[in-house]
Amino acid sequence: MDDAAALRPALGAQVVVRVPAKINLHLGVGRRRADGYHELTTVFQALSLYDEVRVEPAAALEVHVRGEGADQVPCSDDNLAVQAVRAVAALAGCSPAVKLTIRKGIPVAGGLAGGSADAAAALLACDALWGAGLDRDTLGRLAAGLGSDVPFALHGGTALATGRGERLSAVLARGSYHWVLAFAHGGLSTPAVYAELDRLRGCADLQPARADQVLAALRSADAAALGRALSNDLEPAALALRPQLRRVLDAGRDLGALGGIVCGSGPTVALLARSNAAALKIAAALPGLDVCRTVRRATGPVAGARIANG
Ligand code: C5P
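A brief look at the structure comes next.

What counts and what doesn't
- Residues numbered from 1 in each chain as written.
- Predicted model: local features only at pLDDT ≥ 70, side-chain atom pairs only at ≥ 80, totals over all residues.
- Heavy atoms only, no water.
- Core = buried A, V, L, I, M, F, W, Y, C linked by side-chain atoms within 4.5 Å.
- Buried < 20%, exposed > 50% of the residue type's maximum accessible area, 1.4 Å probe, protein only.
- Helix = DSSP H or I, 4+ residues; strand = E, 2+ residues; numbered from the N terminus.
- Axes fitted to C-alpha atoms, helices over the stretch in contact; angles between N-to-C directions.
- Parallel < 35°, antiparallel > 145°, perpendicular 65-115°, else oblique.
- Left-handed = near helix turned anticlockwise from the far one by under 90°.
- Contact = heavy atoms within 4.5 Å.
- Nonpolar A, V, L, I, M, F, W, Y, C, P; charged D, E, K, R; others polar.
- 1 Å grid on protein atoms, 1.4 Å probe; cavity = no way out; pocket = protein on both sides within 12 Å on 5 of 7 lines; lining within 4 Å.
- Points joined across faces, edges and corners; volume = space filled by probe spheres on them.

1. A short note on the nonpolar core
Ranked by internal contacts, the top residues of the largest apolar core, which has 70 residues, are Leu25, Leu100, Leu123, Trp130, Trp179 and Leu226. A total of 10 residues in this core trace back to one element, the largest contributor, which is helix α3 (residues 114-129). If you look at the next biggest cluster of nonpolar residues, it comprises 29 residues, including Val193, Tyr194, Ala279 and Ala283.

2. Considering the packing of helix α2 (residues 80-92) against α3
Where α2 meets α3, the axes come as close as 7 Å, and the angle between the chain directions of the two elements is 25 degrees. For the element pair α2 / α3, the angle class is roughly parallel. Seen along the crossing, α2 lies across α3 with a hand that is right-handed. Contacts between α2 and α3 involve Leu80, Ala81, Ala84, Val85 and Val88 on the former and, on the latter, Gly115, Ser116, Asp118, Ala119, Ala122, Leu123, Cys126 and Asp127. Grouping the constituent residues of the contact of α2 with α3 by class yields 9 nonpolar, 2 polar and 2 charged.

3. Observations concerning the layout of surface pockets
Counted as a void, the largest pocket has a volume near 1100 Å³. Together, 43 residues line the largest pocket, and Leu80, Ser116, Asp149, Thr190 and Pro191 are the ones closest to its centre. Taken together, the elements giving at least two residues each to the lining of the largest pocket come down to β1 (15-32), β2 (38-57), α3 and α6 (190-201). In terms of residue class, the lining of the largest pocket is made up of 18 nonpolar, 17 polar and 8 charged.

Here it is in structure tokens:
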């Protein structure tokens, strides 16, 4: 059998990968680099809010998107998951002819890295479908080439990231945390939020803020300390572009959340609850305050992208 034939999946084969959303417990943003990206120090946590990506053999590459905000997701090469399919095909030396189906549970342009999650899932799914046998380092390198948040979506759990967000290191993180996610109407563009931050800061040449307090809270599984330590340098920029997000943060505090934060570049807001019961209470009360589109509960940390039909 030639190499290409060996990489051809059996007829009827399909691979389904489930991949989580992320939040940034700490997001320290430093200077804008020559390549346009900002130097970051961030602590990611993967949450139990998932997209599902399915790949199966097809005559040509076709893309279908369903679920939460599907009409806003491009089916072209602008879609990071499509780029991921092509990247694995190029490395494996096979054709990218697959039917790619993305089921969105993660809101689009919500600051939860849903597009990056889909790319990570597509990498894993195509590797399995074609039996390409790519090792972790190779998948990680492909992931970093696709976007700053893609390596973490493969990794999952809790991790410290530097560089533009793609260089991951393990942290000692204990405990499981209860989150209430407030989804907003419409999304925010990540480049626009970074540009607003640059405008607000002027030409300050900053180092990214260290994550010491968040890391100490995670080491001791201290949810109250984590609530106090949550920090996001992009938050003032997201609030400048979307002032009504302040109402969600205020409502969370009034409802007894241990802390609240704009997720990444927003506009989703994450509220940390003391317990599952406290999360239920916050999630039940928020819709009546008319401060967000809808509410979901999630726990973290959870594992990264994983094959779900294996
Ligand atoms: O890497 P990714 O494609 O997800 O980044 C989207 C955009 O977010 C970048 O084009 C850039 O404008 C902004 N960004 C940044 N610095 C980072 C990560 C993202 O300025 N570290």
